[in-house]
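Each chain is listed here by its residues.
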Amino acid sequence: MASKPKNSEAEILELYRVALQNAETQPEIAAAMTLVGYNSAKIAEGKTLWAQTRAAFDANKTEDDETSEAYNNFTTLKTELDATYGKHRKKAKVVFRNDSLNAEKLGITGEMPRAYVKSIEAAKKFYNEVSANESILTQLGRLAVTSTEITAAIALIANVENARANYLREAGESQTATKAKDAAFAQMDEWMSDFYAVARIALEDSPQLLEVLGKIVKG
């Protein structure tokens, strides 16, 4: 038999929010909880923890969204570079199919690399060589490769590298925010665990009131 899925963090936050609010504003619950030490000051302590946890949760979500956006930007630019470089590389292989010296200079022998570092370095080598060698650029002009395209490709490489650096920075910030959020939830969960344990004792004669605090009573 499959186990029921755990509540999401957003659902847990809402459960805790309602429990703390009702423990403070529902007269019977407030009176019973006050007798066991959960007066307004104690409940305020829990609400402060809740606000800190909510803030950490929101910050983590923001960082995750920013990481996703940065990754999408990086992959979009990298895909554009791969397509541009792939097209120019194919043309160069045709132009220099009988010129092993220039083919070697351009790094177009063998298969086009796929791993990020190798592919970006291959593209840099290719475009820097074409940009610095008027003879190579002239020969590539036979297949409509222009200096404008080469300049744009070099700029695109820089954009890809900047986008990847931004993505890695955002990913690091997201990991830090996740750790902060997890720590806040752990502290909040511990506090609420004690809260519910005490509530079960305080409301022993009125167990139905536990449902007001978000705890289902069997029977």
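Preceding this paragraph is the structure being described.
Here the structure is a predicted model, which is why all the values come from computation and not from measurement.

Considering the overall build of the protein
- Scanning the protein from terminus to terminus reveals seven helices and zero strands.
- Starting at the N terminus and walking to the C terminus, you meet the elements of the protein as α-α-α-α-α-α-α.
- A compact globule built from 219 residues should have a C-alpha radius of gyration of about 17 Å, whereas the protein, at 31 Å, is more than 25% larger.
- In terms of its C-alpha atoms, the protein occupies a principal-axis envelope of roughly 95 × 40 × 20 Å.
- Relative to all contacts within the protein whose residues are 6 or more apart in sequence, the contacts with residues 24 or more apart total 73%.

Quick word on the environment of aspartate 58
- The topology assignment puts aspartate 58 in helix H3 (residues 40–95).
- The class for aspartate 58 is partly exposed, based on a relative accessible area of 32%.
- Along the backbone, aspartate 58 and threonine 146 are 88 residues apart, and their C-alpha atoms lie at a distance of 49 Å.

Some thoughts on the packing of aromatic side chains
- Applying the stated criterion across every chain yields a total of 11 aromatic pairs.
- Ring geometry for phenylalanine 195 and tyrosine 196: centres 5.3 Å apart, planes at 70°, overall edge-to-face.
- When its relative accessible area of 5% is taken as the criterion, tyrosine 196 is described as buried.
- Taken together, the ring pairs in this structure connect Tyr38, Trp191, Phe195 and Tyr196 into an aromatic cluster.
- The ring of tyrosine 38 carries the charged tip of lysine 42 above its face, separated from the ring centre by 5.6 Å.
- Above the ring of tyrosine 196, the side-chain terminus of lysine 215 is found at 4.4 Å from the ring centroid.

Observations regarding the environment of serine 147
- The topology assignment puts serine 147 in helix H7 (residues 147–202).
- C-alpha of serine 147 to C-alpha of tyrosine 167: the two residues are 20 residues apart in sequence and 30 Å apart in space.

Some points on the nonpolar core
- In this structure, Phe96, Leu106, Phe126, Tyr127, Val130, Leu140 and Val160 are the most contacted members of the largest nonpolar core, which totals 28 residues.
- Counting only elements with at least two residues in this core, the list comes to H3, helix H4 (100–106), helix H5 (116–132), helix H6 (134–140) and H7.
- By residue number, the principal contributor to this core is H5, which donates seven residues.
- What phenylalanine 126 contacts, discounting residues up to four positions off in sequence, is Tyr85, His88, Arg89, Ala92, Leu106 and Ile108.
- Of all hydrophobic cores here, the second largest spans 25 residues; its members include Tyr16, Phe195, Leu203 and Leu209.

Topic: the pattern of salt bridges
- Counted under the stated rule, the structure contains 12 salt bridges.
- A salt bridge links lysine 78 to aspartate 82; its shortest N-O distance comes to 2.8 Å. Of this pair, lysine 78 and aspartate 82 both sit in helix H3, four residues apart, roughly one helical turn.
- In this structure, a network of salt bridges that share partners links the residues Glu9, Lys181 and Asp182.

Quick look at the side chain of arginine 89
- Position of arginine 89 among the secondary structure elements: in helix H3.
- Of the buried charged residues, arginine 89 lacks a salt bridge, with glutamate 111 as the closest side chain of opposite charge at 6.3 Å.
- The contacts of arginine 89, once residues within four sequence positions are left out, are Gly107, Ile108, Thr109, Gly110, Glu111, Met112 and Phe126.

Topic: unusual backbone geometry
- At alanine 144, a position not held by glycine, the phi torsion is positive, near 65°.
- Take alanine 144: it is sitting in the loop between H6 and H7.
- According to the relative accessible area criterion, alanine 144 is partly exposed, its value standing at 48%.

Concerning the environment of methionine 33
- Here methionine 33 shows up in helix H2 (residues 27–35).
- Residue methionine 33 is classed as buried on the basis of its relative accessible area, which comes to 0%.
- Residues methionine 33 and serine 147, spaced 114 residues apart in sequence, show a C-alpha to C-alpha distance of 78 Å.
- Not counting chain neighbours up to four residues away, the residues in contact with methionine 33 comprise Tyr38, Asn39, Phe195, Val198, Ala199 and Ala202.

Rules and cut-offs
- Residues numbered from 1 in each chain as written.
- Predicted model: local features only at pLDDT ≥ 70, side-chain atom pairs only at ≥ 80, totals over all residues.
- Heavy atoms only, no water.
- Helix = DSSP H or I, 4+ residues; strand = E, 2+ residues; numbered from the N terminus.
- Rg over C-alpha atoms; globule rule 2.2 N^0.38 Å.
- Contact = heavy atoms within 4.5 Å.
- Buried < 20%, exposed > 50% of the residue type's maximum accessible area, 1.4 Å probe, protein only.
- Phe/Tyr/Trp six-rings, centres within 6.5 Å; stacked < 30°, edge-to-face > 60°.
- Lys NZ or Arg CZ within 6 Å of the ring centre and 35° of its normal.
- Core = buried A, V, L, I, M, F, W, Y, C linked by side-chain atoms within 4.5 Å.
- Salt bridge = Lys/Arg side-chain N within 4 Å of Asp/Glu carboxyl O.
- Lys, Arg positive; Asp, Glu negative; His and termini not counted.

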